[in-house]
Amino acid sequence: MNILILGRYGQVGYRLHRSLQSLGRVTAYDRESYDYQEPETVLKLVRAARPDVVINAAAWTAVDLSEQETTATRTINATTPLAIAEECGRLGSLFVTFSTDYVFGPGEHKPIVETRTRDPLNFYGQSKADMELGLEQLGVPFLNFRTTWVYDSRGKNFLLTMLRLFQEREEVKVVHDQIGAPTSAPSLAAAITLVLTKLSTGSGTWRERCAAVSGHYHLSNGGESNWYAFASEIRDLAIAAGLPLKLKNLEGIPSSAYPTPAKRPAYSVLDNTKVHETFGLQMPHWSEALSLVFEDVLRK
Ligand SMILES: NC(=O)c1ccc[n+]([C@@H]2O[C@H](COP(=O)([O-])OP(=O)(O)OC[C@H]3O[C@@H](n4cnc5c(N)ncnc54)[C@H](OP(=O)(O)O)[C@@H]3O)[C@@H](O)[C@H]2O)c1
């Protein structure tokens, strides 16, 4: 398999670059080779590589800043990915991309299935919803993995922010009324590697196999949490590992006490049933995935 990864040094792109090596030739590019604000710079690379799979792991992920930077957010998260997807359609490549729980708005407090109507509360979610709708309209084979609360032992994320704050401050306050599922970049990379491994064999042509599974999939670690519970688990792991913490008081607060430019849904746990039934994938529980990433943090 010839795989092209765009967004080589993002949390997910970085892990995918490693885990996909077993599947064939993997080429990965980053911002030094293109700019998502200029789609043609990306399309040139896609045409030259003629890959079987293009993985779009680049994105605008600064959720609050998106409220101001709407043009850049829309171009990076919707316009350019859709131009790549269209090119993939012409080349016969499978387009793999990512979306977010933030495409959904308020709703029932039960795990969200893929068919629920999109209703984003913030501009980042809107940009991803635009990408999703565009993919449906293009009619090219794609795999869009909606995921949540991504973190790793590198990059910009909640885990590393909490570890820094716990070492700098005696008191840290974290919202307790937004429920979701922390998801580690290594679990996402392992899951996508398994999906592509399964797709690489089977009956029919490559295009037929891709078309048969094309669509949106929910993919997050198992279980559910809230930001305060996630932070508490990080604190417990840090204490158990003997890290030098200044922290004396970790306090749960309501979202109303921590206003942010972008609104977030109160409940956005994704239901992983479809990815399980289609690809036989079982995602690990979020606390198990966190323990593994934490070991990686300690090794650094
Ligand atoms: N992080 C989350 O909590 C989360 C939650 C749900 C869904 N997702 C989705 O999952 C996917 C992977 O997320 P992630 O956490 O791995 O993201 P990430 O770590 O923020 O990585 C995004 C990558 O996109 C690149 N990028 C940003 N603007 C660019 C531009 N104008 N031109 C070229 N490259 C650009 C960044 O490059 P630089 O490093 O050079 O800026 C970075 O390598 C994304 O689609 C994201 O929307 C993420």
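Preceding this paragraph is the structure being described.
Along each chain, residues carry numbers from 1 onward, in the same order as the chain's sequence is written. This being a predicted model, a pLDDT of at least 70 is required before a residue's local features are given, and a value of 80 or more before pairs of side-chain atoms are given or counted; all residues contribute to the totals for chains, interfaces and linings. Side-chain numbers here rest on the full set of heavy atoms in the structure, without hydrogens or water.

Trainee: Can you explain the site of the ligand? Please cite residues and give values.
Mentor: The rule for a residue being near a molecule or strand is that one of its heavy atoms must lie within 4 Å of it. The full set close to the ligand counts 22 residues, and V12, R31, T61, Y124 and K128 are the nearest of them. Here a polar contact is recorded for every N or O atom pair within 3.5 Å, except that within protein the pair must consist of a potential hydrogen donor and a potential acceptor, and residues adjacent in sequence are included only if both atoms are side-chain atoms. Side-chain polar atom of D35 to a nitrogen atom of the ligand: 3.0 Å apart, as the coordinates give it. Taking K128, its side chain carries an N or O atom lying 2.8 Å from an oxygen atom of the ligand. When the ligand is considered free in solution it has 900 Å² of accessible area, and contact with the protein chains removes 81% of it. Broken down by secondary-structure element, the contributors of at least two residues to the shell around the ligand are α1 (11–19), β4 (94–100) and α5 (123–138). Counting from the N terminus, the helices are DSSP H or I runs at least four residues long and the strands are E runs at least two residues long. Top element by residues in the shell around the ligand is β4. It accounts for three residues. Amino acids outside the nonpolar list (Ala, Val, Leu, Ile, Met, Phe, Trp, Tyr, Cys, Pro) and the charged list (Asp, Glu, Lys, Arg) are all regarded as polar, and Gly is one of them. Along the lines of polarity and charge, the residues of the shell around the ligand split into 12 nonpolar, seven polar and three charged. Methods summary: accessible areas were calculated by the Shrake-Rupley approach with a probe of 1.4 Å, and residue burial reflects only the protein chains presented.

Trainee: I'd like to hear about the nonpolar core, residue by residue, with values.
Mentor: Definition used in this section: a nonpolar core is a set of buried Ala, Val, Leu, Ile, Met, Phe, Trp, Tyr and Cys residues joined via side-chain atoms within 4.5 Å. To sort residues, take the accessible area from a 1.4 Å probe on protein chains only and compare it with the maximum for the residue type: under 20% means buried, over 50% means exposed, and anything in between is partly exposed. In terms of nonpolar packing, the biggest core is built from 33 residues, with I55, L143 and F145 touching the most fellow members. Counting residues per element, this core draws most heavily on helix α7 (residues 185–199), which supplies eight residues. Non-local contacts of F145, meaning those with residues more than four positions away in its chain, are made with V96, T97, F98, S99, I192, V195, Y217, L219 and V275. We call two residues contacting when some pair of their heavy atoms lies within 4.5 Å.

Trainee: Before we move on, could you go through the side chain of S220 and cite the residues and values that matter?
Mentor: Topologically, S220 is positioned in the loop between β10 (215–218) and β11 (225–226). Those residues within four positions of S220 in sequence are excluded, and the remaining contacts are T147, T148, A181, T183, L270, N272 and M283.

Trainee: Describe the side chain of T97, listing the residues and the values that go with them.
Mentor: Here T97 lies in strand β4. When residues no more than four places from it in sequence are discounted, the contact partners of T97 are N56, M131, L135, L143, N144 and F145.

Trainee: Report on the packing of aromatic side chains, specifying residues and quantitative values.
Mentor: To describe a pair of aromatic rings, you give the distance between the ring centres and the angle between the ring planes. Two rings from Phe, Tyr or Trp (for Trp, the six-membered ring) form a pair when their centres are within 6.5 Å of each other. A pair whose planes differ by under 30 degrees is stacked, one over 60 is edge-to-face, and the rest are tilted. Following the criterion strictly, the structure yields 11 aromatic pairs and no others. Measuring from ring centre to ring centre gives 6.4 Å for F98 and F145, while their planes differ by 40°; the resulting arrangement is tilted. Here F98 is found in strand β4, whereas its partner F145 is found in strand β5 (residues 142–147), with 47 residues between them in sequence. No difference in accessibility class separates F98 from F145, as the two residues are buried. Where F158 meets F230, the ring centres are 5.1 Å apart and the plane angle is 20°; that geometry is what we call stacked. Taken together, the residues span a long stretch of sequence, with F158 in helix α6 (residues 158–168) and F230 in helix α9 (residues 227–240) at a distance of 72 residues. The exposure class of F158 is buried, given its relative accessible area of 18%. Accessibility expressed as a relative area gives 0% for F230, which makes it buried. Of the aromatic side chains, those joined through ring pairs into one cluster are W149, Y151, F158, W227, F230 and W286. Note on criteria: charge over ring means Lys NZ or Arg CZ within 6 Å of the ring centre, with the direction from the centre no more than 35 degrees off the ring normal. Over the aromatic face of Y14 sits the side chain of R18, whose NZ or CZ is 3.9 Å from the ring centroid.

Trainee: Describe the sheet that holds β4, naming the residues involved and giving the relevant values.
Mentor: Strand pairing follows a simple DSSP-based rule, namely that at least 2 bridges must link the two strands. The six strands lie next to each other as β2-β1-β3-β4-β5-β10, forming an open sheet whose pairing is parallel. Strands at the two margins of the open sheet, each flanked by one partner only, are β2 (25–29) and β10. Taken over all neighbouring pairs, the strand axes of this sheet differ in orientation by 20° on average, direction set aside. With three bridges connecting them, strand β3 (residues 53–56) and β4 associate as parallel partners. Bridge pairing links I55 to V96 in β4. Axis geometry follows a simple rule: fit a line to the C-alpha atoms, using only the stretch in contact for helices, then measure angles between N-to-C directions, giving values from 0 to 180 degrees.

Trainee: Break down the pattern of salt bridges for me, citing the residues and quoting the values.
Mentor: What counts as a salt bridge is simple: a side-chain nitrogen of Lys or Arg found within 4 Å of a carboxyl oxygen of Asp or Glu. A full pass over the atoms with the stated rule returns 13 salt bridges. A salt bridge links E87 to R47; its shortest N-O distance comes to 3.4 Å. One end of the pair, E87, is in helix α4 (residues 70–91); the other, R47, is in helix α2 (residues 39–49), with 40 residues separating them in the sequence. Residue class for E87 comes out buried when judged on its relative accessible area of 5%. For R47, a relative accessible area of 34% corresponds to the partly exposed category. One continuous salt-bridge network, built from bridges that share partners, spans R15, D152, D296 and R299.

By themselves these figures say nothing about function.
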